[in-house]
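# Remarks on the overall topology
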Amino acid sequence: MPALFVLIWSTGFIVARYGMPYAPPMKFLVVRYALSILCFLPWIMLAHVAWPRTRAQWLHLAVTGVFMHAFYLGGVWSAVKAGMGSGLSALIVGLQPVLTALWLSATGGKIAARQWVGLVLGFVGLVLVVSRKFGQGGEADWLNMSLAVGALFSITIGTLYQKRFVSACDVRSANAIQLGAALLVTLPFIFLETESMRWNAELVGAMTWSVMVTLGGSSLLYLLIQRGAATSVASLMYLVPPTTALLAWLLFAEPITAITIGGTALTAFGVSLVVRSPRMAS
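None of the values given here were measured: they were computed from a predicted structure.

## Brief notes about the side chain of Gln57
Positionally, Gln57 belongs in helix α3 (residues 55–81). Looking at Gln57, the relative accessible area reads 12%, which means it is buried. A distance of 2.8 Å separates a polar atom in the side chain of Gln57 from the backbone nitrogen of Ser167. Residue contacts for Gln57: discarding those within four places in its chain leaves Pro52, Phe165, Val166 and Ser167.

Right, dumping it as structure tokens:
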């Protein structure tokens, strides 16, 4: 399950790069959420899946849906639309384990020296990669960086909130509620977009795979959070940037320079120090 999750989650950044030339991000995501819900509902009815019993659980699931779908995906897809490459967007969001571990440590105990070292190394690695992509002709600017960082905080908050407040329930009904909340929040933003969706084979393919990522990746993430510790789940995220960078190089010829490899490796190592358990570190 973890290996499958990393692969599916990595393709989410790839499909954003694949579909964004033909659609504005919010309109694409609204269609994605609607189609995903339409896939979940018959499955729920045919399998007689139970819905959450309390209003509180519906509310908690809706909150996680807003953060983990609407804000997270909205930030990533808008950043890619604004010119950021798949590899860089995945690297920025890949810092989620650092934020998760620091929050849990700050609210429940001290931050170990090893974790501070990991935080510094992860940040230095990110700076190495980003510094090469700013400036004239670079893929990074303050707009898409802000959008990507916003997505990073959104997925972190959503993960922590779900682990803290969402009780165990069926992943299918939970996902349908989360997607419904994301759809309602995202829908008003489509009226701010002047670009229309240009349906062609590439956009249909991107939409189809994007819905599959929602059905598979989001369901796996929900199950992993439900069954494991938040830090253990978040630690999978540091495997996503190198996987995405490799896929982006193969599919879009996004350059992988020595600085990119070194910075990504340094970030991954730093993140691993932050999320590694004391027993593993000794």
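## What to know about α3
Its 27 residues give α3 an end-to-end C-alpha distance of 37 Å, which sits within 8% of 39 Å, the value for a rise of 1.5 Å per residue. A maximum bend of about 30° is found in α3 at Val66. Where α3 ends, the next residue or the one after it, Gly83, has phi of about 115°, a positive value.

## Side note on the environment of Gly150
Note on placement: Gly150 falls in helix α7 (residues 142–165). Each C-alpha atom, one on Gly150 and one on Phe71, is 7.7 Å from the other, the two residues being 79 residues apart in sequence.

## Examining the packing of helix α2 (residues 25–46) against helix α8 (residues 171–186)
Between α2 and α8, the least distance of the axes is 9 Å, while the angle of their chain directions is 150°. The orientation of α2 relative to α8 falls into the category roughly antiparallel. For the crossing formed where α2 meets α8, the hand is left-handed. Residues Met26, Val30, Tyr33, Ser36, Ile37, Phe40, Trp43 and Ile44 of α2 touch α8, and the partners they reach there are Arg172, Ser173, Asn175, Ala176, Leu179, Gly180, Ala182, Leu183 and Thr186. Residues belonging to the contact of α2 with α8 are distributed by class as follows: 11 nonpolar, five polar and one charged.

## Here we look at the nonpolar core
Counting residues in each nonpolar core, the largest one holds 41 residues, and the members touching the most others are Phe13, Phe28, Tyr72 and Trp77. Elements with a minimum of two residues in this core: α1 (2–19), α2, α3, α4 (86–93), α7, α8 and α9 (201–227). A per-element tally of this core places α2 first, with eight residues. Contact partners of Trp77, with chain neighbours within four places excluded, come to Gly12, Val15, Ala16, Met20, Pro25, Phe28, Leu29, Arg32 and Ser210. Counting 18 residues, the second largest nonpolar core, distinct from the first, contains Ala79, Leu91, Ala101 and Leu152.

## Focus: a nonpolar patch on the surface
The grouping of Leu246, Trp249, Leu250, Leu251, Ile256 and Ile261 at the surface amounts to a nonpolar patch, some 600 Å² of accessible area in total. Among the elements that take part in the nonpolar patch, helix α11 (residues 240–252) stands out by supplying four residues, more than any other. With respect to the helices and strands, the residue Leu250 is situated in helix α11.

## Topic: the packing of aromatic side chains
All chains considered together, the criterion is met by five aromatic pairs. The interplanar angle of 20° and the centroid separation of 5.6 Å between the aromatic rings of Trp51 and Trp58 together place this pair among those described as stacked. Here Trp51 falls in the partly exposed class, since its relative accessible area comes to 34%. Ring geometry for Tyr161 against Phe165: centres 4.6 Å apart, planes inclined by 40°, an arrangement best described as tilted. In this pair, Tyr161 and Phe165 are both assigned in helix α7, four residues apart and thus about one turn of the helix distant. Positioned above the aromatic ring of Phe165, the side-chain terminus of Arg164 is 4.8 Å from the ring centre.

## Looking at the pattern of salt bridges
Any two side chains of opposite charge can pair, given that their charged atoms come close. A full pass over the atoms with the stated rule returns three salt bridges. Measuring nitrogen to oxygen at the nearest pair gives 3.1 Å for the salt bridge that ties Lys81 to Glu195. Taken as a pair, Lys81 in helix α3 and Glu195 in the loop between α8 and α9 lie far apart in primary sequence, 114 residues in all. Overall, the relative accessible area of 24% leaves Glu195 in the partly exposed class. A salt bridge links Asp170 to Arg172, with the shortest nitrogen-to-oxygen separation between them at 2.8 Å. Since its relative accessible area comes to 25%, Asp170 is described here as partly exposed. Three or more residues are tied together by salt bridges with common partners; here these are Lys81, Glu195 and Arg198.

Definitions and cut-offs
- Residues numbered from 1 in each chain as written.
- Predicted model: local features only at pLDDT ≥ 70, side-chain atom pairs only at ≥ 80, totals over all residues.
- Heavy atoms only, no water.
- Helix = DSSP H or I, 4+ residues; strand = E, 2+ residues; numbered from the N terminus.
- Buried < 20%, exposed > 50% of the residue type's maximum accessible area, 1.4 Å probe, protein only.
- Polar contact = N/O pair within 3.5 Å; in protein donor to acceptor, adjacent residues only side chain to side chain.
- Contact = heavy atoms within 4.5 Å.
- Expected span 1.5 Å × (residues − 1).
- Bend = angle between axes of the 7 residues up to and from the residue.
- Axes fitted to C-alpha atoms, helices over the stretch in contact; angles between N-to-C directions.
- Parallel < 35°, antiparallel > 145°, perpendicular 65-115°, else oblique.
- Left-handed = near helix turned anticlockwise from the far one by under 90°.
- Nonpolar A, V, L, I, M, F, W, Y, C, P; charged D, E, K, R; others polar.
- Core = buried A, V, L, I, M, F, W, Y, C linked by side-chain atoms within 4.5 Å.
- Patch = residues over 30% accessible without salt bridge, like charges linked within 9 Å, V, L, I, M, F, W, Y side chains within 5 Å.
- Areas by Shrake-Rupley, 256 points an atom, 1.4 Å probe, with all protein chains shown as cover.
- Salt bridge = Lys/Arg side-chain N within 4 Å of Asp/Glu carboxyl O.
- Phe/Tyr/Trp six-rings, centres within 6.5 Å; stacked < 30°, edge-to-face > 60°.
- Lys NZ or Arg CZ within 6 Å of the ring centre and 35° of its normal.

Just distances and angles here, no functional claims.
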